[in-house]
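Architecture at a glance
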Amino acid sequence: MKNTHSNPVKLWLLTGCAASALLAACASAPPEDPALIQAREAVAKLEADPLAQQQAGKPLQDARDALAQAEGAAKDKKKEETDHFAYIAKRKADLGEAMTDETRARQRIAQAQEQRNAVIIGNREREAQTARDQAAAAQAQAEMAQAQAKSADAQAAAAQKELADMQAQQTTRGIILTLGSNYLFDTNSDVLKPGAQDGINRVAGFLSEHQTVKVRIEGHTDSTGSDAYNQELSERRARSVARSLEDKGVDSSRIDAEGRGKDLPVATNATAEGRQQNRRVEIIFSDLKGQFGHSTM
């Protein structure tokens, strides 16, 4: 029998090769889908709430089922299915959390009412009044908690409706409002046309109403002209829209403007119609927390 300890150099080389292979495998592993990570966190948070098992059993089970489908799709590297089921899992988990919060708020209101009734029966007015004040405060706090639980969903729904009315579209990059450059600018110009102000006013009004939302403004061109010219023109057009929003009272810290040149066409550049579609400015909206990369508010 050979003694492996008799050749330490060979053993070191074998160990080093194995470690290198392991590192290479880890480095090539694709990053996990952000939507799937968010869905896992939302489902785990709901599962950790004891009250959810009693009051939100159906949404919790639906969230688990959708998450399982998302995990399966992720294993099969089906990104579209993964994002779809992850989105359903998160929405179901959010619904379960809202139901649980509402139940908890009702319980607090009931407890507060019981306290109030108990002190009314009391013999001494001073003690009864003190107890009534405490019960009223507890009830107000419970009602506030209930209102806050519903407020976030209501605000998000209202914001999404406003954006839908402006023809904004939900994408994997977030909610995007596309403005054709022929509507905004003359050919080869970065000066906004007078007719563009209506659309700019609507965006500014939305941002004024929803102060936590930020925007990323991207200028795009067709493939006509040099790369350098297209890049510079797209940057000037994006900055022109940004300046117009700032002039209407939107703080510059909420606006990021950049040019993307011809790199992200939405149609073929082989036809005049396709090139016209590619000459555009896109306004990407963050969620209500100022975070980009979400398909909903």
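Cut-offs and rules
- Throughout this description, residue numbers start from 1 for each chain and increase along the sequence as written.
- Local features in a predicted model are, by the rule used here, given only for residues with pLDDT of at least 70; side-chain atom pairs are given and counted only at 80 or more, and totals for whole chains, interfaces and linings are based on all residues.
- Note that the side-chain values use all heavy atoms of the structure and ignore hydrogens as well as water.
- With a 1.4 Å probe rolled over the protein chains alone, any residue whose accessible area is under 20% of its type maximum counts as buried; one over 50% counts as exposed, and the rest are partly exposed.
- Only DSSP runs of H or I reaching four residues or more are called helices, and only runs of E reaching two or more are called strands; each is numbered from the N terminus.
- In short, DSSP must find at least two bridges between two strands for them to pair.
- Computed over the protein atoms alone on a 1 Å grid, cavities are sets of points where a 1.4 Å probe fits but cannot get out and pockets are open sets with protein on both sides within 12 Å along at least five of seven lines; a residue lines them when it has an atom within 4 Å of a point.
- Grid points are joined across faces, edges and corners, and a volume is the space filled by probe spheres set on the points.
- Residues were grouped as follows: Ala, Val, Leu, Ile, Met, Phe, Trp, Tyr, Cys and Pro as nonpolar; Asp, Glu, Lys and Arg as charged; and all remaining residues, including Gly, as polar.
- Per-residue confidence from the prediction method is given by pLDDT, with values spanning 0 to 100.
- By definition in these notes, contact holds between two residues if any of their heavy atoms fall within 4.5 Å.
- Every axis in this analysis is a line fitted to C-alpha atoms, fitted for helices over the stretch in contact. Angles between the N-to-C directions lie between 0 and 180 degrees.
- Nine residue types can take part in a nonpolar core, namely buried Ala, Val, Leu, Ile, Met, Phe, Trp, Tyr and Cys, and a core is a set of them joined through side-chain atoms within 4.5 Å.
- Each Phe, Tyr or Trp ring, with Trp reduced to its six-membered ring, pairs with another whose centre is within 6.5 Å; inter-plane angles below 30 degrees give stacked pairs, above 60 give edge-to-face pairs, and intermediate values give tilted ones.
- Note on criteria: charge over ring means Lys NZ or Arg CZ within 6 Å of the ring centre, with the direction from the centre no more than 35 degrees off the ring normal.
- We define a salt bridge as a contact between a side-chain nitrogen of Lys or Arg and a carboxyl oxygen of Asp or Glu at a distance within 4 Å.

Attention now goes to the pairing of strand 2 (residues 174-180). With five of seven residues buried, strand 2 is to be regarded as a mostly interior element. Judged from the three bridges that link them, strand 1 (residues 169-171) and strand 2 form a sheet pairing that is antiparallel. Residue Thr-171 lies in a different strand from strand 2, and its bridge partner there is Gly-174. Counted between consecutive antiparallel strands, the loop separating strand 1 from strand 2 contains two residues. The sheet contact formed by strand 2 and strand 5 (residues 280-285) spans six bridges and is antiparallel. Residue pairing across strands places Thr-178 opposite Glu-282, the latter belonging to strand 5.

Moving on: the layout of surface pockets. Of the voids in this model, the second largest pocket is the one considered here, and its volume is about 250 Å³. In terms of lining residues, the second largest pocket is bounded by 13 residues, among which Pro-31, Glu-32, Asp-33, Ala-74 and Lys-75 are the most central. Contributing elements (two or more residues each) for the lining of the second largest pocket: helix 2 (34-47), helix 4 (57-75) and helix 5 (79-120). Its residues placed into classes, the lining of the second largest pocket shows four nonpolar, one polar and eight charged.

Below, the discussion takes up the confidence of the model for the chain. With 88% of its residues at a pLDDT of 70 or more, the chain has an overall mean of 85. Within the chain, helix 1 (residues 8-28) has the poorest average pLDDT of any element, 45, and strand 4 (residues 255-259) the best, 97. Per-residue pLDDT stays below 50 along residues 8-14; that stretch engages in zero contacts with residues further than four places along the chain or on separate chains.

In this section: the sheet that holds strand 3 (residues 215-220). With mixed pairing, five strands are arranged side by side in an open sheet as 1-2-5-3-4. Every interior strand has two partners, whereas the edge strands, strand 1 and strand 4, have only one. Across the sheet, the axes of successive neighbouring strands diverge by a mean angle of 25°, strand direction being ignored. Together, strand 3, strand 4 and strand 5 form the strand contacts of helix 9 (residues 227-247), whose direction differs from that of strand 4 by roughly 160°.

As a rule of thumb, soluble globular proteins bury nonpolar side chains together. Formed by 30 residues in total, the largest nonpolar core has its most connected members in Leu-207, Ile-217, Val-241, Leu-245, Ile-283 and Phe-285. For this core, the secondary structure elements donating two or more residues are helix 6 (125-165), strand 2, helix 8 (197-209), strand 3, helix 9 and strand 5. Sort the elements by how many residues they give to this core and helix 8 lands first, with five residues. Not counting chain neighbours up to four residues away, the residues in contact with Leu-245 comprise Ile-200, Val-203, Ala-204, Leu-207, Val-215, Ile-217, Val-250 and Ile-255. Ranked by size, the runner-up nonpolar core spans 15 residues in total, among them Ala-42, Ala-70, Ala-86 and Ala-89.

On inspection of all chains with the given rule, the structure shows one aromatic pair. For the ring pair Phe-206 and Phe-285, a centre distance of 5.5 Å and an interplane angle of 85° mean the geometry is edge-to-face. Here the residue Phe-206 occupies a position in helix 8, and Phe-285 occupies one in strand 5, the gap between them amounting to 79 residues. Looking at Phe-206, the relative accessible area reads 2%, which means it is buried. Here Arg-216 stacks its cationic end above the ring of Phe-292, 4.2 Å away from the centre of that ring.

Taken as a whole and assessed by the stated rule, the structure comprises 25 salt bridges. A salt bridge links Glu-102 to Arg-106; the shortest N-O distance between them is 3.4 Å. Here Arg-106 and Glu-102 lie together in helix 5, a separation of four residues that amounts to about one turn. Ionic pairing is found between Glu-258 and Arg-216, a salt bridge with its closest N-O pair at 4.0 Å.

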